[in-house]
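Here's the letter readout for the chains.
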Amino acid sequence: MGAFLDVARSGYVGLPPRVRRYIGAALGSIPADLRFGSTYRMRRAEISRARTDPEKTSEEQNLRLLFVVKTALDKSLYYSRVFRETLGPDVRAEDIVRPDNWRRVPVLTNLMVRREAAHLCCLPQNQLDQVTTGGSSGHPLTFYIDRDRSPTEYAFIMDLWERVGCGADDWRASFRGWHIPSGSREPFEVEYGLRQLRVSVIRNIARRLNGRFPMPSCSLSTG
């Protein structure tokens, strides 16, 4: 049930703006610990414990790195090929994470992601969400991520916000490049469910310059 709800929370961001606006208005009135669910609360607890037990944290990081590398070796066409080409056809995950071997693994670049996005996946693409970066580096980058990721993402993001004095139930603003992921031409989006205002800085500049630059479609959920 928890995994289903985690996927549902991630799926919320892909709803049409009008639907998301109404659902988000209701969700926004629920305290963050309840709104984001049990996985979120578990991750927040893990983050808190990590600050007080660095030895246990280091051990857990190594175990999770090993799990990620083994999954990539077994299920990602790209990494299965790269690991074996770089470290040998019979390489194991335990071998890859050794410092001397880890340094030999090619660093993933923007160009590689553009070229190999589908082959980087460890699940079929129809079981993943396709997302796009904001484009502040010049060109938006499209790639695939897990559908149940949102509660874990929120746990780390909210922890960072709280470090600078902004609580999980406070409103926040974030600034992006070109891309805002929905369907309006407005250069901002109000996300009630996350209590967040997303602003496209470049689109705002373009609007102020009276349309001298082309403005491809962007999103708005204003309520």
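Refer to the structure above for everything that follows.
Residue numbering note: each chain is counted from 1, following its sequence as written. Local features in this predicted model are restricted to residues whose pLDDT is 70 or higher, and side-chain atom pairs enter the listing and the counts only when it is 80 or higher, whereas totals over whole chains, interfaces and linings include all residues. For the side-chain quantities, the full set of heavy atoms in the structure was used; hydrogens and water were omitted.

Once that is clear, we can look at the overall build of the protein chain. In terms of helices and strands, the protein chain carries eleven helices and five strands. Looking at the protein chain as a whole, 34% of its 223 residues are labelled buried. What makes two residues a contact is simply this: any of their non-hydrogen atoms within 4.5 Å. Across the protein chain, every contact between residues at least 6 apart in sequence was considered, and the portion connecting residues at least 24 apart equals 59%. Of the roughly 13600 Å² that the protein chain leaves accessible, carbon and sulfur atoms contribute 58%. Each helix is a run of DSSP H or I of at least 4 residues and each strand a run of E of at least 2, with the numbering of both proceeding from the N terminus. Burial classes follow relative accessibility: with a 1.4 Å probe on protein chains only, a residue under 20% of its type's maximum area counts as buried, one over 50% as exposed, and anything between as partly exposed. Only the protein chains shown count as cover for residues, and all accessible areas are computed by the Shrake-Rupley method using a 1.4 Å probe.

On to helix α5 (residues 54–75), then. It helps to recall that an α-helix has 3.6 residues per turn; residues three or four apart then point in one direction. Between its first and last C-alpha atoms α5 spans 31 Å; for 22 residues at 1.5 Å apiece the expected length is 32 Å, and the two agree. For α5, the full list of buried residues reads V69, A72 and L73. Summarising the axial view, the buried residues of α5 lie within an arc of 95°, below the 170-degree limit, and thus occupy one face. Exposed side of α5, more than 90 degrees from the buried face: F67 and K75 are the residues found there. Buried residues along α5 sit against α6 (77–87), α7 (93–96) and α8 (99–102). Between the first and last residue of a helix there are one fewer steps than residues, each counted as 1.5 Å, and that sum is the expected span. Taking the helix axis as origin, the arc is that swept by the directions to the C-beta atoms.

Among buried residues, the Ala, Val, Leu, Ile, Met, Phe, Trp, Tyr and Cys ones that are joined through side-chain atoms within 4.5 Å form a nonpolar core. Core analysis: the largest hydrophobic core is formed by 16 residues, its most contacted members being Y78, Y79, F83, V91 and I96. When residues of this core are assigned to their parent elements, the largest contribution, five residues, is made by α6. Counting residues in hydrophobic clusters, the runner-up holds nine residues, among them A32, Y40, I47 and A155.

This brings us to the packing of α6 against helix α9 (residues 110–120). Axes here refer to lines fitted to C-alpha atoms; in helices the fit is confined to the stretch in contact. Angles between the N-to-C directions go from 0 to 180 degrees. With their axes 7 Å apart at the nearest point, α6 and α9 run at an angle of 105° to one another. Here α6 is positioned roughly perpendicular relative to α9, judged by the angle of their axes. Residue-level contacts link L77, Y78, Y79 and R81 of α6 to M112, E116, H119 and L120 of α9. The class makeup of the residues in the contact of α6 with α9 is five nonpolar, one polar and two charged. Here is the rule for angles: anything less than 35 degrees is roughly parallel, anything more than 145 is roughly antiparallel, 65 through 115 is roughly perpendicular, and the remaining ranges are oblique. Each residue is assigned to one class: nonpolar for Ala, Val, Leu, Ile, Met, Phe, Trp, Tyr, Cys and Pro, charged for Asp, Glu, Lys and Arg, and polar for all the others, Gly among them.

Here the focus is the packing of aromatic side chains. Any Phe, Tyr or Trp ring, taking Trp's six-membered ring, that has another such ring centre within 6.5 Å forms a pair; planes under 30 degrees apart are called stacked, those over 60 apart edge-to-face, and the others tilted. Evaluation of the coordinates by the stated rule reveals four aromatic pairs. Here a set of aromatic residues connected by ring pairs shows up, and it is made of F36, Y40 and Y154. The rule for a charge over a ring is simple: NZ of Lys or CZ of Arg within 6 Å of the ring centre, and within 35 degrees of the ring normal. Positioned above the aromatic ring of F36, the side-chain terminus of R35 is 4.8 Å from the ring centre.

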